[in-house]
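# Structural overview for review
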Amino acid sequence: QVQLVESGGGLVQPGGSLRLSCAASGPIFIIYFMGWYRQAPGKQRELVASISSSGTKNYIDSVKGRFTASGDIAAKTLYLQMNNLKLEDAAVYYCNADLRTAPSRARNTYWGQGTQVTVSS
């Protein structure tokens, strides 16, 4: 069973920092993409940052210059360094991976359980 486990969420004041971690485990043949999504109450889930297997990184405009995604797709790990956090960054953050569990299996998307990020003064 493929599992994605996030950690690192918490409560922080505006302007503060947090670092999220995600580790994938289980029968994984290849990972094509790993990303961080977030969902705030009453809002749609959105892709915040991602890393492809080629190392290409992408960010939504609202976090550029403040958030940095890093990790090693081959090592099945993903991190998100979040600096200068704003009230609007508060959400549940989910790790996501697009992968195959075997060469003969179709690509599939897996999700972590989510970690809460609260930004409050």
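Refer to the preceding data block for the structure.
Owing to the predicted nature of the structure, the values given are computational and were not obtained by experimental measurement.

What counts as what
Residues numbered from 1 in each chain as written. Predicted model: local features only at pLDDT ≥ 70, side-chain atom pairs only at ≥ 80, totals over all residues. Heavy atoms only, no water. Helix = DSSP H or I, 4+ residues; strand = E, 2+ residues; numbered from the N terminus. Rg over C-alpha atoms; globule rule 2.2 N^0.38 Å. Buried < 20%, exposed > 50% of the residue type's maximum accessible area, 1.4 Å probe, protein only. Areas by Shrake-Rupley, 256 points an atom, 1.4 Å probe, with all protein chains shown as cover. Lys, Arg positive; Asp, Glu negative; His and termini not counted. Charge placed at Lys NZ, Arg CZ, Asp CG, Glu CD. Pairing = 2+ DSSP bridges. Disulfide = S-S within 2.5 Å.

### So, the overall build of the protein
When its secondary structure is counted, the protein shows zero helices and 11 strands. Shown N-terminal to C-terminal, the secondary structure of the protein runs as helices and strands in the order β-β-β-β-β-β-β-β-β-β-β. Relative to its length of 121 residues, the protein is compact, with a C-alpha radius of gyration of 14 Å against a globular reference of 14 Å. Dimensions along the principal axes, computed over C-alpha positions, put the protein at roughly 50 × 25 × 20 Å. Here the protein, with 121 residues, has 39% of them falling under the buried criterion. Summed over all atoms, the accessible surface of the protein reaches about 6,400 Å², with 47% contributed by carbon and sulfur. Taken as two groups, the 12 positive and 7 negative side-chain charges of the protein have centres that lie 5 Å from each other.

### A word on the pairing of strand β11 (residues 115-119)
Side chains Thr115, Val117 and Val119 project from β11 onto a buried face, and the interleaved Gln116 and Thr118 project onto a face without burial. One ladder, built from three bridges, connects strand β2 (residues 10-12) with β11; its direction is parallel. Note on β11: the bridge partner recorded for Leu11 is Thr118. Across three bridges, strand β9 (residues 91-100) lies against β11 in antiparallel orientation. Across the sheet, residue Tyr93 finds its bridge partner in β11, namely Thr115.

### Considerations on the pairing of strand β1 (residues 3-7)
Only one face of β1 is buried, namely the one carrying Leu4 and Glu6, since none of Gln3, Val5 and Ser7 on the opposite face is buried. Two strands pair when backbone bridges link them, and β1 and strand β3 (residues 18-25) are joined in this way by five bridges, in the antiparallel orientation. In the strand pairing of β3, Ser7 is matched with Ser21.

### A word on the state of the cysteines
This model, assessed by the stated rule, comprises one disulfide. Sulfur-sulfur distance for the disulfide between Cys22 and Cys95 comes to 2.0 Å. On the sign convention where negative is left-handed, the bridge of Cys22 and Cys95, at about -80 degrees about the S-S bond, is left-handed. With Cys22 in strand β3 and Cys95 in strand β9, this pair connects stretches of sequence that are 73 residues apart.

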